[in-house]
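As a plain string of letters, each chain reads:
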Amino acid sequence: MSVNLEFVAKVGKWPPEREEEVLAALKAWAYEDEALDRREVLVDILGGGPRNPIVRMEAYTTGPIIISGFGDWSAAAEARLRERIAGAGGEDVSLRFTFPDDD
């Protein structure tokens, strides 16, 4: 079944000396493993300012995307994400979905 969704993949912890490797792993998950379009999914380090003090890495959709076979894909995508990030030295990983058609 195809699903219209938005997601945020977060990495909350990484050793400072591994920041580049963890960010590269998050990008590899989004653009290589999941073959998502760079115009539809952004990957960045966010936070650290007075209004948003919690520093984290995120891969997030810029709007709704369509995923075919969501049930199988979601579990496999999260497993690939966790494996990529752990391999690079990151931890505190989450993948959250929202479904705009449910509104």
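Attention here is on the structure that accompanies the text. (Residues numbered from 1 in each chain as written. Predicted model: local features only at pLDDT ≥ 70, side-chain atom pairs only at ≥ 80, totals over all residues. Heavy atoms only, no water.)

### Topic: the packing of aromatic side chains
Note the cut-off: In summary, the pairing rule links any two rings of Phe, Tyr or Trp, Trp by its six-membered ring, whose centres are within 6.5 Å, and it sorts them by plane angle into stacked for under 30 degrees, edge-to-face for over 60 and tilted for everything else. Numbering of helices and strands runs from the N terminus, with a helix taken as a DSSP run of H or I at least four residues long and a strand as a DSSP run of E at least two residues long. The buried label applies to any residue whose accessible area, calculated with a 1.4 Å probe on protein chains only, is under 20% of its type's maximum; exposed applies above 50%, and partly exposed to all values in between.
All chains considered together, the criterion is met by five aromatic pairs. Measuring from ring centre to ring centre gives 6.3 Å for F70 and W73, while their planes differ by 40°; the resulting arrangement is tilted. On the criterion of helical spacing, the pair formed by F70 and W73 is a turn pair, its members being three residues apart in helix α2 (residues 70–88). Both rings, one in F70 and one in F97, keep their centres 5.1 Å apart while their planes meet at 85°; by these two values the pair is edge-to-face. A residue pair is termed long-range when its members are at least 10 positions apart, and F70 in helix α2 and F97 in strand β5 (residues 91–98) qualify at 27 residues. The exposure class of F70 is buried, given its relative accessible area of 16%. On the accessibility criterion, F97 (22% relative accessible area) is partly exposed.

### Let's talk about the pattern of salt bridges
As a reminder of what qualifies: What makes a salt bridge here is a side-chain nitrogen of Lys or Arg within 4 Å of a carboxyl oxygen of Asp or Glu, nothing more.
The full count for this structure, using the stated rule, is seven salt bridges. R80 is the salt-bridge partner of E34, the closest N and O atoms lying 2.6 Å from each other. Residue E34 is found in the loop between α1 (19–33) and β2 (41–46), and its partner R80 is found in helix α2; the two are separated by 46 residues along the sequence. We classify E34 as buried; its relative accessible area is 11%. Across the salt bridge formed by R39 and D37, the nearest N and O atoms sit 2.6 Å from each other. One network of salt bridges, in which partners are shared, links K10, R56 and E58.

### A closer look at the side chain of E58
Rule in force here: Residues adjacent in sequence count toward polar contacts only when both atoms are side-chain atoms; beyond that, a polar contact is any pair of N or O atoms within 3.5 Å, and within protein one must be able to donate a hydrogen and the other to accept it.
Mapped onto the fold, E58 is located in strand β3 (residues 56–61). At a separation of 2.8 Å, a polar atom in the side chain of E58 contacts the side chain of R56.

### Considering a negative patch on the surface
Here is the rule: Like-charged residues within 9 Å of one another, or nonpolar side chains (Val, Leu, Ile, Met, Phe, Trp, Tyr) within 5 Å, are grouped into patches, provided each residue has over 30% relative accessible area and no salt bridge. Each accessible area is a Shrake-Rupley estimate made with a 1.4 Å probe; only the visible protein chains count as cover when residues are assessed. By the counting scheme adopted, Arg and Lys are positive, Glu and Asp are negative, and His together with the chain ends is not counted. For this purpose, a charge sits on NZ of Lys, CZ of Arg, CG of Asp or CD of Glu.
Together, E17, E19, E20 and E21 give the surface a local cluster of negative charge. Of note, E17 is situated in the loop between β1 (2–13) and α1. We classify E17 as exposed; its relative accessible area is 61%.

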